[in-house]
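Structure at a glance
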Amino acid sequence: MERMSPPSTTLSIDIGLHGLGIGYFAGEELVAAWYSPSTRDQGERGPLAWRKACAGLVALDLHPDVLVMETMQVYVGGTDKADDLLQLQGIAGVLVGMYTDALPVSYLPAAWKGQVPTDILANRVGAYLVRMGWDHLVEGNTPRKRWGDVMHGVGVGLVHLGLTRKGVCSLR
């Protein structure tokens, strides 16, 4: 009898200065979704702050095969502060360094979410989780104001796994 290889695991993350919105998948199945708050001090910048933003993941002993994140992008005339985007990209670097055995994959914002406003995108991902019966997998103590971050973390994972291309979930 031929042995089946276990499904690959995907850790998908919405990076924020305040914390991380996370989705964890086995194959095309969501296993868990949660918010991991940063332990950095308000306004703290630089490498130590980047590490503190990821501190909640260290103790979990996760071993993903794939690490999916958004690559920050500066838009001419955009409202995001370039320094904040650089700080977020520093956090991405720490994550890649934490999961050295994982294949790092990144998407520009327009490539995974198009021009959809953040709250609408979060609601679409949330509705998809309900349709799939996965809504109970979102950690119950996720702060209400960070629920959208978790949905974005799950959403970038759904895009990477091709579930949006299959018409299962329309994010755009």
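Up top is the structure.
Throughout what follows, the structure given in this document is the object of discussion. (Residues numbered from 1 in each chain as written. Predicted model: local features only at pLDDT ≥ 70, side-chain atom pairs only at ≥ 80, totals over all residues. Heavy atoms only, no water.)

Moving on, we come to helix α3 (residues 82–98). In this model, α3 (17 residues) spans 25 Å end to end at C-alpha, consistent with the 24 Å of a helix rising 1.5 Å per residue. Every buried residue belonging to α3 is among L85, Q87, L88, G90, I91, A92, V94 and L95, and all of these are buried. In this structure, the buried side of α3 is in contact with β1 (9–15), β2 (19–26), α1 (47–53), α2 (55–58) and β4 (66–70). (Helix = DSSP H or I, 4+ residues; strand = E, 2+ residues; numbered from the N terminus. Expected span 1.5 Å × (residues − 1). Buried < 20%, exposed > 50% of the residue type's maximum accessible area, 1.4 Å probe, protein only. Contact = heavy atoms within 4.5 Å.)

Another point: unusual backbone geometry. Positive phi is not limited to glycine here, since D61 has a value of about 55°. Mapped onto the elements of the fold, D61 is located in the loop between α2 and β4. Under the relative-accessibility criterion, D61 is labelled exposed at 56%.

Looking now at the sheet that holds strand β5 (residues 103–107). If you trace the 5 strands from one edge of the open sheet to the other, you get β3-β2-β1-β4-β5, paired in mixed fashion. Looking at strand neighbours, the two that pair on one side only are β3 (29–37) and β5, the edges of this open sheet. With strand direction ignored, the average angle separating the axes of adjacent strands in the sheet is 20°. Of the strand pairs in this sheet, β1 and β4 are connected by 4 bridges, and their pairing is parallel. If you follow I13 over to β4, its bridge partner there is M69. (Pairing = 2+ DSSP bridges. Axes fitted to C-alpha atoms, helices over the stretch in contact; angles between N-to-C directions.)

Our focus in this paragraph is the nonpolar core. Of all hydrophobic cores here, the largest spans 23 residues; its most connected members are I13, I15, L57, I91 and L95. Those elements that provide at least two residues to this core are β1, β2, β4 and α3. With 6 residues, α3 is the single largest residue contributor to this core. One finds L30, V125, V150 and L163 within the second-largest nonpolar core, a separate group that totals 16 residues. (Core = buried A, V, L, I, M, F, W, Y, C linked by side-chain atoms within 4.5 Å.)

Let's shift gears to the pattern of salt bridges. Pairs can form between side chains of opposite charge whenever their charged atoms are close. Under the criterion given, the structure shown has 5 salt bridges. Among the ionic pairs, D149 bridges to R146, the shortest N-O distance being 3.5 Å. Accessibility expressed as a relative area gives 16% for D149, which makes it buried. A single network of salt bridges, built from pairs that share partners, joins R45, D83 and D84. (Salt bridge = Lys/Arg side-chain N within 4 Å of Asp/Glu carboxyl O.)

Nothing here speaks to function; it is all geometry.
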